[in-house]
Amino acid sequence: MARDSQAALVALNRFGFGARGGASGDLVNASSDPRGFVKAELSRANGVLLEAPGLQSTPQLGQAVFAYQDQVKQAREAAKAAAPAETPALAPADQDAPLRRNLSLNAAAEITGQMADAKPTGSAPKPETMQPNAAPPAAKPAPQPLNVIQKTFRAEALARLQRATLAECGFTERLVAFWSNHFCISASKGELARIWAGAFEREAIRPHVLGRFADMLRAVEQHPAMLFFLDNQQSLGPDSRAGQNRKRGLNENLAREIMELHTLGVGGGYTQGDVTSLARIITGWTFAGRQGQLGVPGSFVFNTNAHQPGPQVLLGKTYDQAGLAQGEAALADLARHPSTANFIATKFVRHFVADEPPPALVARLRDVFVKTDGDLKAMATTLVDSEEAWKAPLTKLRSPYDFLVASGRLLARVPEDPGAYLNNLNLLGQPLWSPPGPNGFPDSNAAWGAPEGIKLRLDIAAQIGARLGNNIDPLDLLEFAAADAASAETRRTIERAESRQQALALLLMSPEMQRR
């Protein structure tokens, strides 16, 4: 049974988000057929899609942002007109504060309030110790209502968290997180990026996770969220009509990241000249603005007037197609390039198996990628069928997102509000959909294993233990999480804990919960 439990632990931790607590029997199901348990999700392609009440399309959300911004502008103008002549007008930041409250601050305030409520009453100052002339405490300001951008972000976050928590294994959700980080945008870029972050993942990533890489690449690069994040709406062909009229030229941000981060990778055989050529090729790729002159506001459009005319040479090949077709042809070739196959296979194995990817497994996935024309389901299946993926020890440290989702699953806590998760992700350095740069969040033990990060995880585990430990038997949870695969040291540590609360915190920080 120990051997079966070890394989089940690999199935649940390496490929998924860990076992679910309660009566689900995940470890038992995974033990009977570990590979089949993981691959079962790959046969349910529609299960990758995410639909929930209230989640809207990118154009709908774009129009909502434009309308909200118009309301803010009108409110500012009204406040300015109503202000007495001798009273200075409010600064823009003050005027917008009721409407533009930062989401992370809302979440932080919410969690801080919860922690304050959990403090023992003895920690409050006693009346006799207070200064006699001290001013009475200021009344807490009434919480401001969330605006449409904040509401949308929280709704998208909740839908993603609930799906990850409820998934049987979680392999496809892990794939979604991997590809979303590979083709990342940042919600911190601005209001459009924040309201579009979840829709970008739903529309450009999820439909293609078990499809073809070329299709995902095209969907990603044509999505308004990516075009906005990397400023391609500002890129004008120097010889285009718009470029000549506005005296503004290329923006190479998107072209550079397509080649460096999305396809070929660093050292993939391209030059700065190729970056410039690709930037010219994708001029005109933009989204319709608030006036809707080019199309439905917030939708992808090709602006002929901004496109650099004429053929372009990229990686030694001439692309003489007209208009939008030129860029789509270039992306299709980049998707099939040998450097892309090697870059994707290496990154894929590094994520799921080890920081130092086994070369033989990388070569196998690379060959599958090439032979199947970038079939991502075939590549994922090959990974699960490989011996290396099952024999390699569980040494990868879970990312903050993986750790929080795994903890929620084990505790059978389906989130009803995303606030605690969002706050803890901010604290742990992995704010949802907000990586520090276009290369996404790091995927190594060095990134997530720093002492200060581990201390913060311990603090979170201790808070969870203090809140839930009285009603939970940590040894029962260990059976759900690992059964016979749990180490003797972990068992002894939990058994020797001074309280159930401490035991639960130690369980959440154990190798069986922290490693994948």
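Refer to the structure above for everything that follows.
Below or above, wherever it landed, is the structure these notes cover.

Analysis parameters
Residues numbered from 1 in each chain as written. Predicted model: local features only at pLDDT ≥ 70, side-chain atom pairs only at ≥ 80, totals over all residues. Heavy atoms only, no water. Helix = DSSP H or I, 4+ residues; strand = E, 2+ residues; numbered from the N terminus. Buried < 20%, exposed > 50% of the residue type's maximum accessible area, 1.4 Å probe, protein only. Contact = heavy atoms within 4.5 Å. Core = buried A, V, L, I, M, F, W, Y, C linked by side-chain atoms within 4.5 Å. 1 Å grid on protein atoms, 1.4 Å probe; cavity = no way out; pocket = protein on both sides within 12 Å on 5 of 7 lines; lining within 4 Å. Points joined across faces, edges and corners; volume = space filled by probe spheres on them. Polar contact = N/O pair within 3.5 Å; in protein donor to acceptor, adjacent residues only side chain to side chain. Axes fitted to C-alpha atoms, helices over the stretch in contact; angles between N-to-C directions. Parallel < 35°, antiparallel > 145°, perpendicular 65-115°, else oblique. Nonpolar A, V, L, I, M, F, W, Y, C, P; charged D, E, K, R; others polar. Salt bridge = Lys/Arg side-chain N within 4 Å of Asp/Glu carboxyl O. Phe/Tyr/Trp six-rings, centres within 6.5 Å; stacked < 30°, edge-to-face > 60°. Lys NZ or Arg CZ within 6 Å of the ring centre and 35° of its normal. Expected span 1.5 Å × (residues − 1).

1. Considerations on the overall build of the protein
Right, so step 1: The number of helices and strands found in the protein is 27 helices and 4 strands.
Right, so step 2: Here the protein, with 516 residues, has 50% of them falling under the buried criterion.
Right, so step 3: For the protein, the share of sequence-separated contacts (at least 6 apart) that also reach a separation of at least 24 residues comes to 74%.

2. Quick look at the nonpolar core
The nonpolar side chains of a soluble globular protein tend to be buried with one another.
Right, so step 1: Among the nonpolar cores identified, the biggest contains 129 residues, and Phe15, Phe171, Trp179, Leu278 and Phe348 are the most heavily contacted of them.
Right, so step 2: Among the elements that line this core, the one with the most residues is helix α9 (residues 191–205), at 9 residues.
Right, so step 3: Look past the residues within four positions of Trp179 in its chain and what remains in contact with it is Ile205, Val209, Phe213, Met216, Ile344, Phe348, Leu376 and Met379.

3. Topic: empty space enclosed by the protein
Right, so step 1: Inspection of the entire model under this criterion finds 1 cavity of 30 Å³ or more.
Right, so step 2: A volume near 50 Å³ is recorded for the largest cavity.
Right, so step 3: Forming the boundary of the largest cavity are Asn13, Phe17, Gly18, Ala19, Arg398, Ala406, Leu410, Ala481, Glu512 and Met513.
Right, so step 4: Going through the elements one at a time, α20 (400–410) and α27 (511–514) are the ones with two or more residues in the lining of the largest cavity.

4. Description of the environment of His182
Right, so step 1: With respect to the helices and strands, His182 occurs in helix α8 (residues 171–182).
Right, so step 2: With a relative accessible area of 1%, His182 lands in the buried category.
Right, so step 3: Through-space distance from the C-alpha of His182 to that of Phe441 is 8.7 Å; in sequence the pair is 259 residues apart.
Right, so step 4: Ignoring sequence-local partners within four residues, the contact set of His182 consists of Leu261, His262, Phe343, Ile344 and Lys347.
Right, so step 5: A polar side-chain atom of His182 sits 2.9 Å from a polar atom in the side chain of Lys347.

5. What about the packing of helix α7 (residues 148–166) against α8?
Right, so step 1: Two elements in contact, α7 and α8, have axes whose closest approach is 10 Å; the angle formed by their N-to-C orientations is 140°. Looking at the two axes, α7 sits oblique to α8. In this structure, α7 uses Arg160, Arg163 and Ala164 to contact α8, whose residues at the interface are Glu173, Ala177 and Ser180.
Right, so step 2: Here the residues of the contact of α7 with α8 sort into 2 nonpolar, 1 polar and 3 charged.

6. Here we look at unusual backbone geometry
Right, so step 1: Although it is not a glycine, Leu315 adopts a positive phi angle of roughly 50°.
Right, so step 2: Note that Leu315 resides in the loop between β3 (312–314) and β4 (317–319).
Right, so step 3: Residue Leu315 is classed as partly exposed on the basis of its relative accessible area, which comes to 30%.
Right, so step 4: The phi dihedral of Trp433 falls on the positive side, at around 55°, and the residue is not glycine.

7. What about the side chain of Asn13?
Right, so step 1: When you line up the elements, Asn13 lands in helix α1 (residues 2–14).
Right, so step 2: Side-chain polar atoms of Asn13 contact the side chain of Arg398, separated by 3.2 Å.
Right, so step 3: Contact partners of Asn13, with chain neighbours within four places excluded, come to Gly18, Arg174, Leu394, Arg398, Glu512, Arg515 and Arg516.

8. A few points about helix α21 (residues 419–427)
Right, so step 1: Within α21 the residues assigned to the buried category are Gly419, Tyr421, Leu422, Asn423, Asn424 and Leu425.
Right, so step 2: Taken from the residues just after α21, Gly429 is the one with a positive phi, measuring 90°.

9. Remarks on the pattern of salt bridges
Right, so step 1: All told, the structure shown has 25 salt bridges when counted by the stated rule.
Right, so step 2: Notably, a salt bridge pairs Arg218 with Asp215, separated by 3.6 Å at the nearest N-O pair. With Arg218 and Asp215 both in helix α10 (residues 213–221) and 3 residues apart, the pair spans about one turn of that helix.
Right, so step 3: You can call Arg218 partly exposed: its relative accessible area is 34%.
Right, so step 4: For Asp215, a relative accessible area of 21% translates into the label partly exposed.
Right, so step 5: As a salt-bridge pair, Arg516 and Asp402 come within 3.4 Å of each other at their nearest N and O atoms. With a gap of 114 residues between them, Arg516 in the segment after α27 and Asp402 in helix α20 connect regions that are remote in the sequence.
Right, so step 6: By relative accessible area, which is 6% here, Asp402 ends up buried.
Right, so step 7: Through salt bridges with shared partners, one network takes in Arg160, Arg163, Glu173, Glu201 and Arg206.

10. Here's the deal with the packing of aromatic side chains
Right, so step 1: One pass over the structure, following the stated rule, counts 19 aromatic pairs.
Right, so step 2: Between the aromatic rings of Phe171 and Phe352, the centroid separation amounts to 5.7 Å while the plane-to-plane angle is 75°, which identifies the pairing as edge-to-face. With a gap of 181 residues between them, Phe171 in helix α8 and Phe352 in helix α16 (residues 338–352) connect regions that are remote in the sequence.
Right, so step 3: Residue classification places Phe171 among the buried residues on the basis of a relative accessible area of 0%.
Right, so step 4: Under the relative-accessibility criterion, Phe352 is labelled buried at 0%.
Right, so step 5: The lysine or arginine in question, Arg160, covers the ring of Tyr401, its NZ or CZ lying 4.7 Å from the ring centre.
Right, so step 6: The ring of Phe153 is capped by Arg194, whose NZ or CZ atom sits 4.0 Å from the centre of that ring.

11. Some remarks on helix α4 (residues 58–82)
Right, so step 1: Given a rise of 1.5 Å per residue, 25 residues ought to cover 36 Å, and the 36 Å separating the end C-alpha atoms of α4 matches this to within 8%.
Right, so step 2: Here α4 has its buried residues at Thr58, Leu61, Gly62, Val65, Phe66, Tyr68 and Val72.

12. Digging into the environment of Phe228
Right, so step 1: Relative to the assigned elements, Phe228 resides in helix α11 (residues 224–229).
Right, so step 2: Residue classification places Phe228 among the buried residues on the basis of a relative accessible area of 15%.
Right, so step 3: Counting along the chain gives 43 residues from Phe228 to Ile185, while the straight-line C-alpha distance between them is 9.1 Å.
Right, so step 4: With residues up to four places along the chain from it excluded, the contact list for Phe228 reads Lys189, Leu192, Ala193, Trp196, Gln233 and Phe287.

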